Amino acid sequence: MKLATAEEMRLLDQTAINEYGIPGVLLMENAGLAVVHAIKDYFSGPLARKRVMVIAGKGNNGGDGFVVARHLANAGCDVKLFLLCKPEELHGDAALNWKIARKMNIRYQLILTERDLNVVKVALMYTELVVDGIFGTGFQGAAQGTIAKLIELVNEAGKPVISIDLPSGMEADTGRVNGACIKARCTVTFGLPKIGLVLEPGASFVGKMLVADISLPQELVVKQPLRRFLLDQDFCRQLLPVRAIDSHKGSFGHVLVIGGAPGMTGAVTLAATAAVRSGAGLVTAAVPAGLSSVMAMKLTEAMSLSLPETGSGTLSLSALGVIEKAAGNKVIVLGPGLSRQQETQDLVRSFLANIPCPVVLDADGLFALSGCQDFIKNSSYPVVLTPHPGEMARLLGVSSGEIQANRREIVEKAAREWQAVLVLKGAKTVVATPEGNLYVNPTGNPGMATGGSGDVLAGMIGALLAQGMKAEHAAAVAVYLHGAAGDEGARRGSQASLTAGDIIDYLPLIFQRLEERL
Ligand SMILES: NC(=O)C1=CN([C@@H]2O[C@H](COP(=O)(O)OP(=O)(O)OC[C@H]3O[C@@H](n4cnc5c(N)ncnc54)[C@H](O)[C@@H]3O)[C@@H](O)[C@H]2O)[C@H](O)CC1
Ligand SMILES: [K+]
């Protein structure tokens, strides 16, 4: 599903109005009607005598609210309209709909100062539903003063809220919530979902997201050069490699997982097993020589390869020659359980200086990347980086908090500068590409914050890459399936008890769902 920024939505609006001659007031009417439809669904019955509060701001989001108030009044609702500005501050289509609401004698109250909030407190006690038309895509920064206090009152009252276009108090383009924000039961967004609705923390204020058609010409929406997408099953289904009837092992590529260190064989095992379970034709786990017998015990479908090791049993610099020789026609997953031993880190940097095949760089492999991101820029093979916020923070020399507060901007900028596909893990993992595409993943749950989960993802990305998928698609589909498998595991067990191995165990079921209807 395509995602839009506030500016992209405004341009769509303006083009619909200026080139197709669709009056803005018609778009507003359709927006309001879509919200009324959601209200009817909420009450699942006639609206007569239902007590509904409509809170309207001074922009067109408020204008949508006036349309809602009008239709609810017509349906016999007991509507209370609260306006958060002086009527003379309204303009355009919002002012027009305000005048109509006034002509219909819809009761209203101006909420201009904190003193006026007492009326809101009483109304909240009696209302059955609140409609939030305070702020939409025009909102920036943080709600202040009386409006901030009003939002807090609404949230404290605990009554169900339907938000118009966006929960008021969050930013459309980032999902940032810098202060008070409406906690909605449902958000009716118009035309296309705004990016902020699917990024944390904003996504947690949205409730159920409904995308309403407000009669923007579909051909206009389709031809818009929008490059951000919310991942879904259909998107992944159409990208999954088809397994031709006359396929053989070689048809589905070879993943070479390189990593492991004393006491850290589990990471390589998980990555290799996940690659097998994600459709790779062949998988090899390349580990320090001292661990190869352990790996041979732990792996069945995957092969193991002994590499030269340091005195402390980690991969040595002299493994580079073996790796480069083995790299032909493979995809390398470099990092699981690698360790941060100095010589092993030097090995990674030497490898990155002359990348011999598509590579997924994860975990301690990312640790070595710090300071030599430029190596990647010159790679003639695709590179996928899979940092969690802490690893990204170290690569950029900022705090994890800084990363989490600016996930989208940071990941898009880094993908462009480093010329790599960047998977920034965390709640609502985002995948960014050097060309400026962005994929937001809705699957996954906090139970997946468990040791080995990242190794599984790295192996899955490697497997889809090995099957010939474009790097950005391999990363996006793997992220979606990884989260879906984790959701299945949490649903059938619990988030707390979910293990990385569980994620692998549910991959067959998740792939089966994708393969249906192929
Ligand atoms: N195609 C569509 O998507 C349509 C959308 N519609 C609705 O229009 C709004 C966008 O309207 P706009 O007037 O541009 O912005 P808002 O209503 O969000 O107005 C916000 C208002 O508040 C001011 N403001 C911004 N930040 C703050 C702040 N931190 N504190 C206080 N005030 C703030 C800002 O200056 C604006 O004036 C969209 O969301 C839809 O609901 C159309 O109705 C139909 C087509
Ligand atoms: K709103």
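An unreviewed UniProt entry annotates the chain as Bifunctional NAD(P)H-hydrate repair enzyme of Formimonas warabiya. Per UniProt, the chain has the following entry under Subunit (unreviewed entry): "Homotetramer."

Asker: An account of the environment of Leu481 is needed here, citing residue identities and associated values.
Answerer: Inspection of the secondary structure assignment puts Leu481 in helix α20 (residues 471-492). Note on Leu481: relative accessible area 0%, which makes it buried. With 22 residues separating them in the primary sequence, Leu481 and Ile503 have C-alpha atoms 9.5 Å apart. Leave out the neighbours within four places in its chain, and Leu481 touches Met460, Leu507, Ile510, Phe511 and Leu514.

Asker: Would you mind going over the sheet that holds strand β1 (residues 51-56) in detail, with residue names and values included?
Answerer: With parallel pairing, the seven strands of this open sheet are ordered in space as β3-β2-β1-β4-β5-β6-β7. This sheet does not close on itself; its edge strands, each paired only once, are β3 (108-110) and β7 (208-212). Neighbouring strand axes in the sheet, compared pairwise and without regard to direction, differ in orientation by 20° on average.

Asker: So what's going on with the site of ligand 1? Which residues, and what values?
Answerer: In the neighbourhood of ligand 1, 20 residues make up the surrounding shell, with Asp13, Asp64, Gly136, Gln140 and Asp165 lying closest. Asn61 has a polar side-chain atom sitting 2.8 Å from an oxygen atom of ligand 1. At 2.9 Å, a backbone N or O of Thr137 approaches an oxygen atom of ligand 1. A total of 860 Å² of accessible area belongs to ligand 1 in isolation, and the protein chains cover 78% of it. Those elements that provide at least two residues to the shell around ligand 1 are α1 (6-18), α2 (24-43) and α3 (60-74).

Asker: Break down the coordination of the potassium ion (ligand 2) for me, citing the residues and quoting the values.
Answerer: All of the protein donors around the potassium ion (ligand 2) are Asn61 (OD1), Asp132 (O), Phe135 (O), Ile164 (O), Leu166 (O) and Ser168 (OG); their distances to the metal are 2.6 to 3.0 Å. Angles of 67 to 167° at the metal separate the six donor atoms of the potassium ion (ligand 2), which places the site in the irregular class. By relative accessible area, which is 0% here, Ser168 ends up buried.

Asker: Please give an account of the pairing of strand β12 (residues 331-334) that cites residues and values.
Answerer: Two faces belong to every sheet, and in a regular strand the side chains alternate between them. Burial along β12 is two-sided: the residues Val331 and Val333 and Ile332 and Leu334 are all buried. Sheet topology places strand β9 (residues 254-258) next to β12; four bridges connect them, and they run parallel. Residue pairing across strands places Val255 opposite Val331, the latter belonging to β12. Taken together, the three bridges between β12 and strand β13 (residues 359-361) define a ladder with parallel strand orientation. Looking at the pairing, Leu334 lines up with Leu361 of β13. Read from β12 through helix α13 (residues 342-353) to β13, the crossover connection turns out right-handed.

The rules behind these values
- Residues numbered from 1 in each chain as written.
- Chains lettered and ligands numbered in written order.
- Predicted model: local features only at pLDDT ≥ 70, side-chain atom pairs only at ≥ 80, totals over all residues.
- Heavy atoms only, no water.
- UniProt positions renumbered as here; feature names shortened; annotations may be inferred.
- Helix = DSSP H or I, 4+ residues; strand = E, 2+ residues; numbered from the N terminus.
- Buried < 20%, exposed > 50% of the residue type's maximum accessible area, 1.4 Å probe, protein only.
- Contact = heavy atoms within 4.5 Å.
- Pairing = 2+ DSSP bridges.
- Axes fitted to C-alpha atoms, helices over the stretch in contact; angles between N-to-C directions.
- Near = heavy atom within 4 Å.
- Polar contact = N/O pair within 3.5 Å; in protein donor to acceptor, adjacent residues only side chain to side chain.
- Areas by Shrake-Rupley, 256 points an atom, 1.4 Å probe, with all protein chains shown as cover.
- Donors = N, O, S within 2.8 Å, 3.2 Å for Na, K, Ca; no water.
- Tetrahedral: all angles 85-135°; square planar, octahedral: opposite > 155°, others 65-115°.
- Right-handed = clockwise from strand over helix to strand, strands pointing away.

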